[in-house]
Amino acid sequence: MSRIFPHPLLSLFLILVWLLLNNTTSFGHIVLGSIIAILVPVLTREFWLENIKIKNTKVLFKFIGVFIWDVLVANVVVAKLILSKNSSLMPAFMVIDLDIKNSLGVSILANTISLTPGTVSCDLSLDRKQLLVHALHAPDVQESIDEIKKRYELPLMEVFD
Amino acid sequence: MLEILVSIFIVIGGIFTFIGSLALVKMPDFYMRLHGPTKATTLGVGSILIASAIYFSIKDSGITIHEILITIFLFITAPVSAHLLSKAALHIKTKEIERTKNRH
């Protein structure tokens, strides 16, 4: 089984993307999509250093819900900040000490930070323990850091670590 | 009715995309300019795609949802490009404005 599907999640993702790209659910495309879903993970086996394991699906879906809501709010908040007076903005760099170990988890966390309210992840230290984040408007740096750790890092740790 | 709904989404999308681009002109330093295009544009492009999905689903009699793909790819690529830009900026020591806290 694991020889044919070394990465079941990737296979599922590929077949979904294929069907969406062709915008159809016809039998022929399901067959073609399945062939791609089997071949691509086998051919790219060398690139995947570790298997992706999702330990807690419920937390993952909850995280995605929180994430989508935060992206919507982030857009409005940032739009307001952009339109407000430049001199009232308090930009800040903050260093977040990461507790999450899994590399996929770290990259999802960094992406989430970039897409949510007023923060962009700028740099990751070589040992993957510290993430440098730039905030557009952070009156209280420590509070922003705690918020990010509680809201995004904790659920991601439950899912991947 | 359909046209009203679609145009509302397109106008919302247009406004947010415009604000995102405005940030590029208005913000004082490089790191602050990064915030506009990474965030304000996600909702901007998102609403335009919703408008597209609604319009073509009703027009061509059949649900079209491959706009979802554009959203997914956008969500994957936007933060990565922002990250690379800011990493490069830090590397060549681009100056941030004076009042930035914890300057690097």
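Student: Hey, could you go over the overall build of chain B for me, with residue numbers and the actual values?
Tutor: Secondary structure assignment for chain B yields 3 helices and 0 strands. Start at the N end of chain B and walk to the C end: the helices and strands fall as α-α-α. Against the compact-globule benchmark of 13 Å for 104 residues, chain B has a radius of gyration of 18 Å, which places it well outside the compact range. Here chain B holds 104 residues, and the buried ones make up 30% of them.

Student: Lay out helix H4 (residues 103-115) of chain A with the relevant residues and their values.
Tutor: The terminal C-alpha atoms of H4 of chain A lie 19 Å apart, and with 13 residues this matches the ideal 18 Å at 1.5 Å per residue to within 8%. Residues of H4 of chain A that are buried: Val106, Leu109, Ala110, Asn111, Thr112, Ile113, Ser114 and Leu115 of chain A.

Student: Requested: an account of the interface of chain B and chain A, with residues and values cited.
Tutor: Counting residues at the interface gives 37 residues for chain B and 31 residues for chain A. Every element with two or more residues in the side of chain B that touches chain A is listed here: helix H1 (2-26), helix H2 (30-59) and helix H3 (67-91) of chain B. By residue class, the composition of the side of chain B that touches chain A is 20 nonpolar, 11 polar and 6 charged.

Student: Give me the lowdown on the domain arrangement of chain A, citing residues and values where you can.
Tutor: When the domains of chain A are assigned, the result is domain 1 (8-47) and domain 2 (57-160). For domain 1 of chain A and domain 2 of chain A, the distance between their C-alpha centroids amounts to 32 Å.

Student: Can you break down helix H1 (residues 8-22) of chain A residue by residue, with the values?
Tutor: Three or four residues apart is the spacing at which side chains of an α-helix point the same way, because the helix has 3.6 residues per turn. Counted at 1.5 Å a residue, the expected span for H1 of chain A with its 15 residues is 21 Å, and the 21 Å between its end C-alpha atoms agrees. Once H1 of chain A ends, the next one or two residues include asparagine 23 of chain A, with phi positive near 55°.

Student: Got a sec to walk through the packing of H4 of chain A against H3 of chain B? Specific residues and values, please.
Tutor: Where H4 of chain A contacts H3 of chain B, the two axes come as close as 9 Å, and the packing angle between them is 90°. Taken together, the axis directions place H4 of chain A and H3 of chain B in an arrangement best described as roughly perpendicular. Here Ala110, Asn111, Ser114 and Leu115 of chain A of H4 of chain A lie close against H3 of chain B, whose contacting residues are Phe75, Ala78, Pro79, Ala82 and His83 of chain B. Along the lines of polarity and charge, the residues of the contact of H4 of chain A with H3 of chain B split into 6 nonpolar, 3 polar and no charged.

Student: Please provide a residue-by-residue account of the nonpolar core, values included.
Tutor: Val78, Ile82, Ile100, Leu109, Val133, Leu136 and Leu156 of chain A are the most contacted members of the largest nonpolar core, which totals 40 residues. Ignoring anything within four residues of it in the chain, the contact list for leucine 109 of chain A reads Ile100, Tyr152, Glu153 and Leu156 of chain A.

Student: Residues and numbers for the sheet that holds strand E1 (residues 92-97) of chain A, please.
Tutor: One open sheet accounts for 3 strands, arranged E1-E3-E2 (chain A); its pairing is antiparallel. A strand with exactly one partner marks an edge of an open sheet, and here the two such strands are E1 and strand E2 (119-124) of chain A. Neighbour-to-neighbour, the strand axes of the sheet open up by a mean angle of 30°, direction not taken into account. Docked against the sheet, helix H5 (residues 141-160) of chain A engages E1 and strand E3 (130-135) of chain A, running at close to 45° with respect to E1 of chain A. Docked against the sheet, H3 of chain B engages E2 and E3 of chain A, running at close to 60° with respect to E2 of chain A.

Cut-offs and rules
Residues numbered from 1 in each chain as written. Chains lettered and ligands numbered in written order. Predicted model: local features only at pLDDT ≥ 70, side-chain atom pairs only at ≥ 80, totals over all residues. Helix = DSSP H or I, 4+ residues; strand = E, 2+ residues; numbered from the N terminus. Rg over C-alpha atoms; globule rule 2.2 N^0.38 Å. Buried ≥ 20, exposed ≤ 12 C-beta atoms within 10 Å, placed from the backbone. Expected span 1.5 Å × (residues − 1). Contact = placed C-beta atoms within 7 Å. Nonpolar A, V, L, I, M, F, W, Y, C, P; charged D, E, K, R; others polar. Domains from an automatic or database assignment. Axes fitted to C-alpha atoms, helices over the stretch in contact; angles between N-to-C directions. Parallel < 35°, antiparallel > 145°, perpendicular 65-115°, else oblique. Core = buried A, V, L, I, M, F, W, Y, C linked by C-beta atoms within 7 Å. Pairing = 2+ DSSP bridges.

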